[in-house]
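Residue-level structure breakdown
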Amino acid sequence: MENGKYLRDIGEIKNIMDRSSRFISLSGLSGVFAGIYAVIGAVIANVLLSDHGSIYSDYNTLSVQSMDPDLTYQLFLVTIAVLGLAIGTAVFLTTRKAKRNDQKIWDSTSRRLLINFFAPLVAGGIFCLVLLQYRIIGLIAPGMLIFYGLALIHASRYTLGDLKSLGYANLTLGLIATQFIGYGLYFWAVGFGVFHIFYGVWMYNKYDRKSAR
């Protein structure tokens, strides 16, 4: 009895420490939805590229001499739509989970999480825009995966440690993608799509399902 009470007390202390130093209300379902949005976005982007036919076969190379402004704008809109839907869904589901866990959605911990997540992500976004400026499009998708992986690894110190695994997976995939120029869209779909879906399902079964009971 004494040992059981002691272990329960230790568990409660650990839980309090985790709540004070880590944002633990990230929703696994938000990862699933983000993955689904990414896969749909990749399919739409592939259709847009295919519709332009052989004229844009050069998009499968490291760099191109010229780019269609309309196609670039359409691909940009697809990217923004995927990002907007993913962020919106994550905010909604995470807020709902935080309320259920009686945790504040905005405090010093969540601020540190966002700062550490967006610092590498913004740097990566600017770097990818520079690649686009110089028409080095073959490295844009790998660059997005690499910097996104770094952002997840950096942010994992302030949330569930499992996020680090997804970060390393995307970082590794991005580095591999640099050696397969022309297949960036497929690597992008795997990293932002398939990896997120599997990770989200795993996280939901590990954390969300328990808290929902």
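Let me begin by describing the structure that accompanies this report. (Residues numbered from 1 in each chain as written. Predicted model: local features only at pLDDT ≥ 70, side-chain atom pairs only at ≥ 80, totals over all residues. Heavy atoms only, no water.)

1. Things to note about the overall build of the chain
Definition in use: Runs of H or I in DSSP of at least four residues are treated as helices and runs of E of at least two as strands, each being numbered from the N terminus. We call a residue buried when its accessible area falls under 20% of the maximum for its residue type, exposed when it is over 50%, and partly exposed in between, using a 1.4 Å probe and counting protein chains only. Only heavy atoms enter the contact rule, under which two residues are in contact if any of them lie within 4.5 Å. The Shrake-Rupley method, run with a 1.4 Å probe, gives the accessible areas here. Residue values count only the displayed protein chains as cover.
Secondary structure assignment for the chain yields seven helices and zero strands. Out of the 213 residues belonging to the chain, those deemed buried represent 38%. Considering only residue pairs separated by 6 or more positions, the chain has 79% of its internal contacts joining residues 24 or more positions apart. Entry remark: accessible area of the chain is about 12600 Å², with carbon and sulfur atoms responsible for 67%.

2. Digging into the nonpolar core
Here is the rule: For our purposes a nonpolar core is just a set of buried Ala, Val, Leu, Ile, Met, Phe, Trp, Tyr and Cys residues, chained together by side-chain atoms within 4.5 Å.
In this structure, Val82, Phe117, Leu152, Trp188 and Phe192 are the most contacted members of the largest nonpolar core, which totals 29 residues. For this core, the secondary-structure elements that each account for two or more residues are α2 (28-51), α3 (69-100), α4 (108-133), α5 (140-155), α6 (163-177) and α7 (184-212). Excluding residues within four positions of it along the chain, Phe192 makes contact with Ala34, Gly35, Ala38, Met144, Leu145, Tyr148 and Asn170.

3. Looking at the packing of α5 against α6
To describe two helices that pack against each other, one gives the angle between their axes and the distance between the axes. The test is simple: Angles here are taken between N-to-C directions and fall from 0 to 180 degrees, while the axes themselves are lines fitted to C-alpha atoms, restricted in helices to the stretch in contact. Throughout this description, any angle smaller than 35 degrees is read as roughly parallel, any larger than 145 degrees as roughly antiparallel, any in the 65 to 115 degree range as roughly perpendicular, and the remainder as oblique. Crossing handedness: left-handed means the near helix sits turned counterclockwise from the far one by under a right angle, and right-handed means the same turn made clockwise. Polar here means any residue outside two lists: the nonpolar Ala, Val, Leu, Ile, Met, Phe, Trp, Tyr, Cys and Pro, and the charged Asp, Glu, Lys and Arg; Gly therefore counts as polar.
Relative orientation of the contacting elements α5 and α6 amounts to 160 degrees, with a least axis distance of 7 Å. Classified by the angle their axes make, α5 and α6 are roughly antiparallel. Of the two possible hands of crossing, α5 and α6 adopt the one that is left-handed. Note on element contacts: α6 touches α5 through Leu163, Lys164, Leu166, Gly167, Tyr168, Asn170, Leu171, Leu173, Gly174, Leu175 and Ala177, opposite Pro142, Leu145, Ile146, Tyr148, Gly149, Leu150, Leu152 and Ile153. Taken together, the residues of the contact of α5 with α6 break down into 14 nonpolar, four polar and one charged.

4. Points about the packing of α4 against α5
Viewed as axis vectors pointing N to C, α4 and α5 meet at an angle of 165 degrees, and their least axial separation amounts to 8 Å. Classed by the angle they form, the pair α4 and α5 counts as roughly antiparallel. Where α4 crosses over α5, the handedness of that crossing is right-handed. Here Leu113, Asn116, Phe117, Pro120, Leu121, Ala123, Gly124, Phe127, Cys128, Leu131 and Leu132 of α4 come into contact with α5, specifically with Ile140, Gly143, Met144, Phe147, Tyr148, Leu150, Ala151, Leu152, His154 and Ala155.

5. As for the side chain of Asn116
Let me state the cut-off plainly: Under this definition, polar contacts are N or O atom pairs within 3.5 Å; protein pairs additionally need one hydrogen-donor-capable and one acceptor-capable atom, and for neighbouring residues in sequence, both atoms have to be side-chain atoms.
Within the element layout of this structure, Asn116 appears in helix α4. Separated by 2.7 Å, the side chain of Asn116 and the backbone oxygen of Arg112 make a polar contact. When neighbours within four sequence positions are excluded, Asn116 is seen to be in contact with Ala151, His154, Ala155, Arg157 and Tyr158.

6. Quick word on α3
Applicable threshold: Any helix carries an expected span of 1.5 Å times its number of residues minus one.
Here α3 is 32 residues long and its end C-alpha atoms lie 46 Å apart, about the 46 Å a rise of 1.5 Å per residue gives. Along α3, the positions that sit buried rather than exposed are Leu71, Val78, Val82, Ala86, Thr89, Leu93, Thr94, Lys97 and Ala98. Positioned one or two residues after α3, Asp102 has a phi angle of 55 degrees, which is positive.

7. Digging into the environment of Gly184
Looking at where Gly184 falls in the secondary structure, it is placed in helix α7. For the pair Gly184 and Ala141, spaced 43 residues apart in the sequence, the C-alpha separation amounts to 5.2 Å.

8. A few points about the packing of aromatic side chains
Using the following cut-off: Any two of the Phe, Tyr and Trp rings considered here, Trp counted by its six-membered ring, make a pair once their centres fall within 6.5 Å; the pair's planes then place it as stacked at under 30 degrees, edge-to-face at over 60, or tilted in between.
Under the counting rule described, the total for this entry stands at eight aromatic pairs. With a centroid separation of 6.2 Å and an interplanar angle of 85 degrees, the aromatic rings of Phe117 and Tyr148 are classed as edge-to-face. Here the residue Phe117 occupies a position in helix α4, and Tyr148 occupies one in helix α5, the gap between them amounting to 31 residues. Residue Phe117 is classed as buried on the basis of its relative accessible area of 17%. An aromatic cluster is defined as three or more aromatic residues linked by ring pairs; in this entry it consists of Phe117, Phe118, Tyr148, Trp188 and Phe192.

9. Regarding the environment of Gly88
On the secondary structure map, Gly88 appears in helix α3. Spatially, the C-alpha atom of Gly88 lies 9.2 Å from that of Ser30, the residues being 58 residues apart in sequence.

10. Quick notes on α4
A rise of 1.5 Å per residue sets the reference length of α4, with its 26 residues, at 38 Å; its end C-alpha atoms lie 37 Å apart and thus fit the reference within 8%. Buried within α4 are the following residues: Thr109, Ser110, Leu113, Asn116, Phe117, Pro120, Gly124, Cys128 and Leu131. A positive phi of about 60 degrees marks Arg135, the residue just after α4.

11. What to know about the pattern of salt bridges
Rules: Salt bridge, as used here: a side-chain nitrogen of Lys or Arg that lies within 4 Å of a carboxyl oxygen of Asp or Glu.
Tallied over the full model, the rule gives one salt bridge. Linking Lys206 and Asp162 is a salt bridge whose minimum nitrogen-to-oxygen distance equals 2.8 Å. Of this pair, Lys206 sits in helix α7 while Asp162 sits in the loop between α5 and α6, placing them 44 residues apart in sequence.

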